[in-house]
Amino acid sequence: MKLLLPELELRLRKRGLWPESRMARIGCYLAGLAVLLFVAQSVAKPFRPAVANDLGGWVTFVSILAVLFLLFTGFRWLRANILWRLRNRLIVTYVFVGFIPTVLLISMGLITIYLFAGQFASFIVTSEINSQMRTLESANAAIANELAAKIERGEKPTVQSLEGLRRQDEHWLRRSVCAWYGNEQVALCADANGDPAFPTANYIQGPFREVVQDGPNLYMRTATLIRVRSQMLCVISSEGLDKALMADIAKDLGEITLYVRTPRTSPAIVGASGATSSADNDKAAKDRKRLTIRETSSGAVLENGANESLAAEFSVGKVAAASAWFDRQITFGTPLPVMDWKSGEHNSQGAVVGVQTRPSVLYQRLFAALGKFAQGVEYILLGVAIFLAIIELFALFIGGRLTRTITGAVAQLYEATLHINRGDFSHRIPVRSSDQLSTLANSFNSMTASIERLVLEQKEKQRLENELAIAQEVQAQLFPREITQLEGLEVHGFCRPARTVSGDYYDFLAVNSSRMILAVGDISGKGISAALLMATIHSAVRAYSTESAPRTSRALSAGAASGGNLMLASEVSSTEISPGALLALLNHQLYESTPTEKYATLFLAVYDVETRLLTYSNGGHLPPIIVARDGSIRRLECGGTVVGLFDHETYPEASVSLEKGDLLLAYSDGVTEPENDYGEFGEERLIDLVRANRQLDLTRLSETVTAAVDDWIGDNEQPDDVTLVFARPR
């Protein structure tokens, strides 16, 4: 048993039948409780009827609660599963908006037609009865006038006076005529005992025409009052509302059933044969005010709370066969007002006439006098019905197409989102229309195309960033990581790129224990191209400085003029390193190997510790500054134009003496050119800052200067590479 329950739960979960929500579980628990109570009721019913009745109430109550909870759960399941799809929602909306109103209208039309047909059938019956009564009234008036004339002449009417009427008209065989002159009966009609066929009615004071109930039977009676001499002559004609009369009315109509109200001696069921059922006496006594219709083997009886019942008196006629599948049988009843002949009291429901017929029969009766015009009306109505059916089918077709258009577009959008979720940005929605949905699809396609393009750009950017990271690592290797400090010279360099890689350049190269080359440069442009050119200059400076270079630019110019090519360093006998000659070599190399727009500014200097001389040449770079111990300023301006822009350029050089405590400052334009609302940082502010902090360690001094530049820039982006080089004899 323990193994079966988990397996059952697993199967129900797979089929989605296991109650997951709290409402579903409560509904299932209540349903199970209702089943248990029902079983308990069934067991207790033979032994404890009272307990069984009490349990029956609880079963009903708990069952209603279970049904309510399960209905609520079913609605939530329907909304979550069936109505989740937009197509199903549109179908449900269409059903409620279009189909259900159409069904209601058709139902109302059919009900109206049914009621109209039933009312028309009842109208035919009642109008025929009224027509018979008017005929009877006319004949009665004629008889009354004839009797009045005879009485005026002193003649006495006899029963044989009506024989002629009965021989001429068969309807008079069912009619009875009685007359009273004053308080005496005129010898016109009598039964076997000589009594009149029906008693007179003293309440008649004028023309009278009613359906009356005299005993258990119904009659059509009319009365005519004529004053003859000094007394009133009252002539009453009566005809039974019997099978023969109703058979004439039912001809070409259908079946007619007459229900007559008769007194009841007990509240039992009374059929046409008068049979009773004592088993139902108690039940009838408890509910005397309830109107019911009972069917017995001998007839139908309509009962109410009074001691009277409507019993089926007779049925005549026959319902015609159906002419088509829609020619359904119509059953309708109408009350027939009846007057009690003895008391003269009216009862609006003294009798009921039930009619069973078919629409085809009523149609023939209704349009019998129109002839071919009725057939034309029929064709018109048929054409209107076909036209409306075509419109309805067209509406269904258009509704279906529109529904498929909307749901198809939504389905395509949903499928496209799944592709996007999987990373397939190349998916596109096919557009075949020119409506708002197609505009939405085009917008989605445009969005996916933009996303695809952005993804490609992001990948390209990532690739470039990776390459820049590699370039940054490579460039970081080019800057001197461990500076060899000379015994008589302290140096420090700092470079912070504006982007990933830098176009600025600085280097310290110790030639021997007493001499060091200092280089500071700035490459035109930014980014990878500037970094590559910086690497070229770095390599060239290091390569040329390790070889024997020409001492003066004059020798370099002479060699270039004689042979058209620069002399190699090995061809010069001197071992002195000339900054001007190095600049000339670098200028020719960059001019030959770089585009026209590419150039660099470069400051080269050689410091000799023994002589304290700084020999330098400047190729278009910002002039370095020497801040003396006393705070005075000297600018190193000797040199020529930028490197790599023009060929066959010479770069003069000069020498300055540095005393202990003097400070050499070389920098790039990224230090002095940053701007804010107050203008550029400027060279003067840089000089004042260095002069004020010249006694600091070179590393601290560099940090102080860069911090001041950062404060000046503020939240703005760093516009250019920041490069600082300090040198101080010791």
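Numbering of residues starts from 1 in each chain and follows the order in which that chain's sequence is written. Given that the model is predicted, a residue must reach a pLDDT of at least 70 before its local features are reported, and side-chain atom pairs must reach 80 or more before they are shown or counted; all residues, however, enter totals for whole chains, interfaces and linings. Based on all heavy atoms of the structure, the side-chain values leave hydrogens and waters out of the count.

Draft legend 1. Quick peek at the packing of helix H11 (residues 527-545) against helix H13 (residues 579-593). Direction vectors running N to C along H11 and H13 enclose 140°, while the axes themselves pass 10 Å from each other. Compared by their axis directions, H11 and H13 come out oblique. Every pair of crossing elements has a handedness; the one defined by H11 and H13 is right-handed. Across the interface between the two elements, Leu533, Thr536, Ile537, Ala540, Val541, Tyr544 and Ser545 of H11 pack against Leu582, Leu585, Leu586, Gln589 and Leu590 of H13. Residue composition of the contact of H11 with H13, by class: 9 nonpolar, 3 polar and no charged. To obtain an axis, a line is fitted to C-alpha atoms, over the contacting stretch when the element is a helix, and the angle between two such axes runs from 0 to 180 degrees between their N-to-C directions. Helix and strand labels come from DSSP, where a helix needs a run of H or I of at least four residues and a strand needs a run of E of at least two; each type is numbered from the N terminus. An angle counts as roughly parallel when it lies under 35 degrees, as roughly antiparallel when it exceeds 145, as roughly perpendicular when it falls between 65 and 115, and as oblique in every other case. If you view the pair so one helix is near and one far, a crossing is left-handed when the near helix is turned anticlockwise from the far one by less than a right angle, and right-handed when it is turned clockwise. Contact definition: two residues touch when any of their heavy atoms are within 4.5 Å. Under the scheme applied, nonpolar residues are Ala, Val, Leu, Ile, Met, Phe, Trp, Tyr, Cys and Pro; charged residues are Asp, Glu, Lys and Arg; polar residues are all the others, including Gly.

Draft legend 2. Summary view of the pairing of strand S10 (residues 330-340). One bridge is not enough; two strands pair if DSSP finds at least two bridges between them. Alignment of strand S3 (residues 208-214) against S10, held across 2 bridges, turns out to be parallel. The residue bridging glutamine 213 from the neighbouring strand is aspartate 340, located in S10. In this structure, the hairpin formed by S10 and strand S11 (residues 346-357) is closed by a connection of 5 residues, where glycine 344 is found at a positive phi of approximately 75°.

Draft legend 3. Region of interest: the packing of aromatic side chains. Ring pairs are drawn from Phe, Tyr and Trp, using the six-membered ring of Trp, whenever the two centres fall within 6.5 Å, and their geometry is named by plane angle: stacked under 30 degrees, edge-to-face over 60, tilted for the rest. Inspection of every chain in the model, using the stated rule, returns 10 aromatic pairs. Ring geometry for tryptophan 325 versus phenylalanine 326: centroids 5.8 Å apart, planes at 90°, classification edge-to-face. Exposure classes here rest on a 1.4 Å probe applied to the protein chains alone. A residue is buried below 20% of its type maximum, exposed above 50%, and partly exposed in between. Phenylalanine 326 gets classed as exposed once you look at its relative accessible area, which sits at 57%. Three or more aromatic residues joined by ring pairs make a cluster, and in this case those are Trp180, Phe198, Tyr203, Phe208 and Trp341. For a lysine, the NZ atom is tested; for an arginine, the CZ atom; a charge sits over a ring if that atom is within 6 Å of the ring centre and within 35 degrees of the ring normal. Between arginine 221 and the ring centre of tyrosine 219, over which it is positioned, the NZ or CZ distance is 4.7 Å. Over the face of the ring belonging to phenylalanine 681 we find arginine 685, whose NZ or CZ atom lies 5.8 Å from the ring centre.

Draft legend 4. Quick look at the nonpolar core. For our purposes a nonpolar core is just a set of buried Ala, Val, Leu, Ile, Met, Phe, Trp, Tyr and Cys residues, chained together by side-chain atoms within 4.5 Å. Core analysis: the biggest nonpolar cluster contains 47 residues, and Leu518, Ile537, Leu602, Leu604, Leu614 and Leu636 have the highest contact counts within it. No other element matches the 7 residues that strand S15 (residues 600-608) contributes to this core. Leucine 604 has contacts with Leu518, Ala519, Val541, Pro579, Leu582, Leu583, Leu586, Thr615, Tyr616 and Ser617, leaving out every residue within four places of it along the chain. In this structure, Ile124, Ile249, Ala351 and Val353 belong to the second largest nonpolar core, which totals 29 residues.

Draft legend 5. Structural view of the sheet that holds strand S21 (residues 663-667). Strand order in the open sheet made by the 5 strands is S12-S24-S21-S17-S18, with antiparallel pairing throughout. Taken across any chain shown, the strands that pair with only one partner, and hence form the sheet edges, are strand S12 (489-496) and strand S18 (633-635). The sheet shows a mean angle of 15° between the axes of neighbouring strands, taken without regard to direction. In the sheet, S21 pairs with strand S24 (residues 722-729) via 4 bridges, with the strands oriented antiparallel. Counterpart to leucine 665 in the pairing with S24 is phenylalanine 726. Seen against the sheet, helix H16 (residues 698-713) touches S12, S21 and S24 and runs at an angle of roughly 150° to S24.

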